[in-house]
Each structure stands twice: as structure tokens, then as C-alpha cells.
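Close look at the chain arrangement
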Amino acid sequence: MRAEAWSAEELELEGWAIKITSYQIGEAFLTEVESRASGVTIARGIAPTKEDSRREAFAAAARRLLRTRRIELTVGG
């Protein structure tokens, strides 16, 4: 099977720079939310419609990003 209806966009979610990739494989739509800084996948959504897969991925990503601590780095002391 091939990925169809592919789209990608860059946004900010809960203060984090993210990339959203959506595509269709067969009857299922997949949405992946990943960190733009590291390229790590934060969440995936798989559903029968594109809107449902995006909603599922965004909900999981927002939940995970809210729990992620940020450490401010100081250089030199």
C-alpha cells in the first residue's frame, strides 16, 4: 500500500515547535506529531477520518507536552 493525501505543516503546541504529518493508507488516516527540534515522534493518531486522526494525535501530544519539564540552561556560570 502507498501513502496518499499526504500533507505536512509546522505549528506550535503548548509552547513547543511541532511538525504535523497526515496521510492515508488504505481506509485509515494517520497523523503524526513530532518535535521540530529533535524529530522525535510525540504522538500518533489513527482513525477512519483525517479529522478524527488529527484530534486523537493532538490530544495525546498536548497531554504529553504539558507533562514535559523545561530546564533553562545558563552558559558560563
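The preceding data block contains the structure.
Structure report, in brief. Source: prediction; values computed, not measured.

1. Comments concerning the sheet that holds strand S4 (residues 41–47)
Spatial strand order, S1-S2-S3-S4: 4 strands in an open sheet with antiparallel pairing. On the outer flanks of this sheet lie strand S1 (4–13) and S4, each paired with one strand and no other. Averaged over neighbouring strand pairs, the angle between their axes works out to 15° when direction is ignored. In the sheet, S1 pairs with strand S2 (residues 16–25) via 8 bridges, with the strands oriented antiparallel. Residue pairing for S2: serine 7 is matched across the bridge by serine 22. Packed on one face of the sheet, helix H1 (residues 50–67) meets S1, S2, strand S3 (28–35) and S4 and runs near 150° to S4.

2. Points about the environment of arginine 63
Following the sequence through the fold, arginine 63 ends up in helix H1. Residue arginine 63 is classed as partly exposed on the basis of its relative accessible area of 48%. A sequence separation of 49 residues divides arginine 63 from glutamate 14, and the C-alpha atoms of the two residues are 9.3 Å apart.

3. Re the side chain of serine 53
Here serine 53 shows up in helix H1. Residue classification places serine 53 among the buried positions, given a relative accessible area of 0%. With sequence-adjacent residues up to four places away left out, serine 53 is seen in contact with Phe29, Leu30, Thr31, Gly45, Ile46 and Ala47.

4. Re the pattern of salt bridges
Under the defined criterion, the tally for this structure stands at 4 salt bridges. With a shortest N-O distance of 3.1 Å, arginine 54 and glutamate 9 are connected by a salt bridge. You can see arginine 54 sitting in helix H1 and its partner glutamate 9 sitting in strand S1, a full 45 residues away along the chain. Residue classification places glutamate 9 among the partly exposed residues on the basis of a relative accessible area of 32%.

The rules behind these values
- Residues numbered from 1 in each chain as written.
- Predicted model: local features only at pLDDT ≥ 70, side-chain atom pairs only at ≥ 80, totals over all residues.
- Heavy atoms only, no water.
- Pairing = 2+ DSSP bridges.
- Helix = DSSP H or I, 4+ residues; strand = E, 2+ residues; numbered from the N terminus.
- Axes fitted to C-alpha atoms, helices over the stretch in contact; angles between N-to-C directions.
- Contact = heavy atoms within 4.5 Å.
- Buried < 20%, exposed > 50% of the residue type's maximum accessible area, 1.4 Å probe, protein only.
- Salt bridge = Lys/Arg side-chain N within 4 Å of Asp/Glu carboxyl O.

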